[in-house]
Amino acid sequence: MTDTIFALATARGKAGIAVVRVSGPLALEAARALGVTGLKSRRVAFRQLVTDGEVLDSGLVLFFEQGASFTGDTVVEFQIHGGEAVVSALLKFLGTLPGLRLAGPGEFTRRALENGMLDLTQVEALADLIDSETEAQRRQAQRVLSGAIGQRAADWRRDLIRAAALIEATIDFADEDIPVNVIPEVCAIVDQLANAFQAEIEGSHGTERIRAGFEVAIIGAPNVGKSSLLNALVGRDAAITSSVAGTTRDVIEVRMDIGGLPVTLLDTAGLRDTDDEIEKIGVDRAKERARLADLRVLLLAPGDTVAPANVDIGDIVVWGKADLAPVPQGLSSVNGFGLDRLIEEIGQRLQRRVSGSGLLIRDRQRLAIARASESMVSAQRWLYSEDPSLELAAADIRSASYALDVLVGKIGVELLLDEIFSSFCIGK
Ligand code: GDP
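Note that the coordinates shown come from a computational prediction; the quantities given were computed from them, not determined experimentally.

The full set close to the ligand counts 15 residues, and Asn223, Lys226, Ser228, Asp323 and Ser333 are the nearest of them. Ser333 places a main-chain nitrogen or oxygen 2.8 Å from an oxygen atom of the ligand. Coverage of the ligand by the protein amounts to 70% of the 570 Å² it exposes when considered alone. Class assignment of the residues belonging to the shell around the ligand gives a composition of six nonpolar, six polar and three charged.

Along the chain, the position of Asp128 falls in helix α4 (residues 120-131). Among the residues examined, Asp128 registers a relative accessible area of 9% and is labelled buried. The contacts of Asp128, once residues within four sequence positions are left out, are Ala141, Arg211, Ile361 and Arg362.

On to the packing of helix α11 (residues 363-384) against helix α12 (residues 390-408). Packing of α11 against α12 brings their axes to within 8 Å, and their N-to-C directions diverge by 170°. In terms of orientation, α11 lies roughly antiparallel with respect to α12. Residues Arg364, Gln365, Ala368, Ile369, Arg371, Ala372, Ser375, Met376, Ser378, Ala379, Trp382 and Leu383 of α11 form the contact with α12, whose own contacting residues are Leu390, Leu392, Ala393, Asp396, Ile397, Ser399, Ala400, Ala403, Leu404, Val406 and Leu407. A per-class count over the contact of α11 with α12 returns 16 nonpolar, four polar and three charged.

Our focus in this paragraph is helix α7 (residues 183-212). Here α7 contains 30 residues, and its C-alpha end-to-end distance of 43 Å stays within 8% of the 44 Å for a straight helix at 1.5 Å per residue. Looking one or two places after α7, you find Gly213, whose phi comes out positive at around 95°.

This paragraph deals with the pairing of strand β10 (residues 261-267). Within β10, seven of the seven residues are buried, leaving the element largely enclosed by the surrounding structure. Covered by surrounding structure in β10 are Leu261, Val263, Leu265 and Asp267 together with Pro262, Thr264 and Leu266, the residues of both alternating faces. In this structure, strand β7 (residues 214-220) lies alongside β10, joined through five bridges in parallel fashion. Bridge pairing in β10 links Phe214 to Val263. For strand β9 (residues 252-258) and β10, the ladder comprises seven bridges, and the chain directions are antiparallel. Residue pairing across strands places Asp257 opposite Pro262, the latter belonging to β10. The antiparallel hairpin formed by β9 and β10 contains two residues in its connecting segment, where Gly259 sits at a positive phi of about 55°.

With that settled, consider the environment of Asp191. Its place among the elements puts Asp191 in helix α7. Note on Asp191: relative accessible area 23%, which makes it partly exposed. When the C-alpha positions of Asp191 and Ala379 are compared, they lie 9.2 Å apart, and in sequence the two are 188 residues distant. Those residues in contact with Asp191, other than ones at most four positions away along the chain, are Gln380 and Tyr384.

Considering all chains together, one arrives at one cavity of 30 Å³ or more under this definition. Within this model, the largest cavity holds a volume of roughly 50 Å³.

The next thing to look at is the pairing of strand β12 (residues 316-319). Residues of β12 alternate between two faces, with Ile316 and Val318 on one and Val317 and Trp319 on the opposite face, all of them buried. Sheet analysis places strand β11 (residues 295-300) next to β12, joined by four bridges and oriented parallel. The partner of Leu299 across the bridge, within β12, is Val318.

A separate point is the sheet that holds strand β1 (residues 4-8). Strand order in the open sheet formed by six strands is β3-β4-β5-β2-β1-β6, with mixed pairing between adjacent strands. Here the strands that pair on one side only, and so sit at the sheet edges, are β3 (43-51) and β6 (100-102). Pairs of neighbouring strands in the sheet enclose a mean axial angle of 30°, with direction left out of account. In the sheet, strand β2 (residues 15-23) pairs with strand β5 (residues 75-82) via eight bridges, with the strands oriented antiparallel. Paired with Ile17 across the strands is His81, a residue of β5. Of the strands in this sheet, β1, β2, β3, β4 (54-64), β5 and β6 are in contact with helix α2 (residues 84-96), which crosses β5 at around 150°. Strands in contact with helix α3 (residues 107-114) are β1, β2 and β6; relative to β1, the strand with the most contacts, it is inclined by about 135°.

Before going further, it helps to examine the pattern of salt bridges. Under the counting rule described, the total for this entry stands at 25 salt bridges. One salt bridge connects Asp128 with Arg211, and the closest N-O pair in it is separated by 2.9 Å. With Asp128 in helix α4 and Arg211 in helix α7, the pair connects residues that are 83 residues apart, well separated along the chain. Across the pair Arg362 and Asp128 runs a salt bridge, and its minimum N-O distance is 2.7 Å. Here Asp128 lies in helix α4 and Arg362 lies in the loop between α10 (339-354) and α11, a separation of 234 residues in the sequence.

Conventions used here
Residues numbered from 1 in each chain as written. Predicted model: local features only at pLDDT ≥ 70, side-chain atom pairs only at ≥ 80, totals over all residues. Heavy atoms only, no water. Near = heavy atom within 4 Å. Polar contact = N/O pair within 3.5 Å; in protein donor to acceptor, adjacent residues only side chain to side chain. Areas by Shrake-Rupley, 256 points an atom, 1.4 Å probe, with all protein chains shown as cover. Nonpolar A, V, L, I, M, F, W, Y, C, P; charged D, E, K, R; others polar. Helix = DSSP H or I, 4+ residues; strand = E, 2+ residues; numbered from the N terminus. Buried < 20%, exposed > 50% of the residue type's maximum accessible area, 1.4 Å probe, protein only. Contact = heavy atoms within 4.5 Å. Axes fitted to C-alpha atoms, helices over the stretch in contact; angles between N-to-C directions. Parallel < 35°, antiparallel > 145°, perpendicular 65-115°, else oblique. Expected span 1.5 Å × (residues − 1). Pairing = 2+ DSSP bridges. 1 Å grid on protein atoms, 1.4 Å probe; cavity = no way out; pocket = protein on both sides within 12 Å on 5 of 7 lines; lining within 4 Å. Points joined across faces, edges and corners; volume = space filled by probe spheres on them. Salt bridge = Lys/Arg side-chain N within 4 Å of Asp/Glu carboxyl O.

Below you can see the structure in the form of structure tokens.
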């Protein structure tokens, strides 16, 4: 029999309400041990929790029958008052009940996976949703959590099975007259899947950016006002999610939310020509970092002209200190002129890069689709060859199917599970 596990599902610390979740065959027993009876599946009940004849707390109790809960187990959730002592008392009591134990990190979600309530891509999306800081991240995680990848994988699998069955029929009846030539239909399916997989891989560049964030570097000559611009942008936008120390002392990083996208602004203000060998390494590294950024904002002094060699296509060029010398593309960190327009411009440019982004949100998922894609390309080679081989094309179709099973976690993921769930905390 599976263990019954329990944990605090909400964050630790004082709060209006805390949720303690119990999942497993003994969940109802645990409720009964607290004097809670008469629960109906998927109904809320207001109850007192009583231990040793004394009221521990009162609150809402929810019961989900097996198969109808998040984990797929029988689940009872206690919504109690969110005081440290209240939560500790309930957890302590549950720990004394035979057959119950504290859940490990991510164990509720792991059960949901094992019980088929979520596929692996949904588990990954759930981790992303909980970690999401911006609107674009939330929306992306939500899309995958709803099962969109699993749905697509099921459609692709159905097509692969159809292609395999057509080939099977041809091979089985090789000695007889085949009623119809199946090759064109097989080719059509394989071509269409090859395109679909390719499109997913291409779309995944945007999703990766939404997940990991964009880097936007502010570049320009010393004293042109780069640090002031960074500070002004940061001061203006209340949506800074965190401020992290730069990885080198030459780059200052600030994480912001621009138009729902996670953006790390890089200020390379520390860049200056130097003879010091060690400092030079840092400066070179910072320059390289700015060069590799997703977008550069080149800040010029009033009256400067742009040397084309200094601007990449796609860079944003702005003139600073516009409070001193107003120009149309100007901005001022002192009076704030032009800052909103710059933020909007950055947002629009980044938005363009994520538009049309696909569904794959993890390297693992991308890898699985890349395998499926390779198999389709190989199948195309066998099918379109001068000397076509249906058997070998069928083998490729089978490997593509296998890759899709790996994608949704049906097979081949045992080794991955510990790693995936280690990023979850207890209670998830
Ligand atoms: P950086 O070396 O490019 O990072 O430049 P700083 O941000 O350190 O600014 C250099 C000098 O220009 C400082 O004295 C700032 O006060 C000044 N400065 C920066 N931005 C503006 C601006 O928009 N208007 C005015 N009038 N002065 C500015």
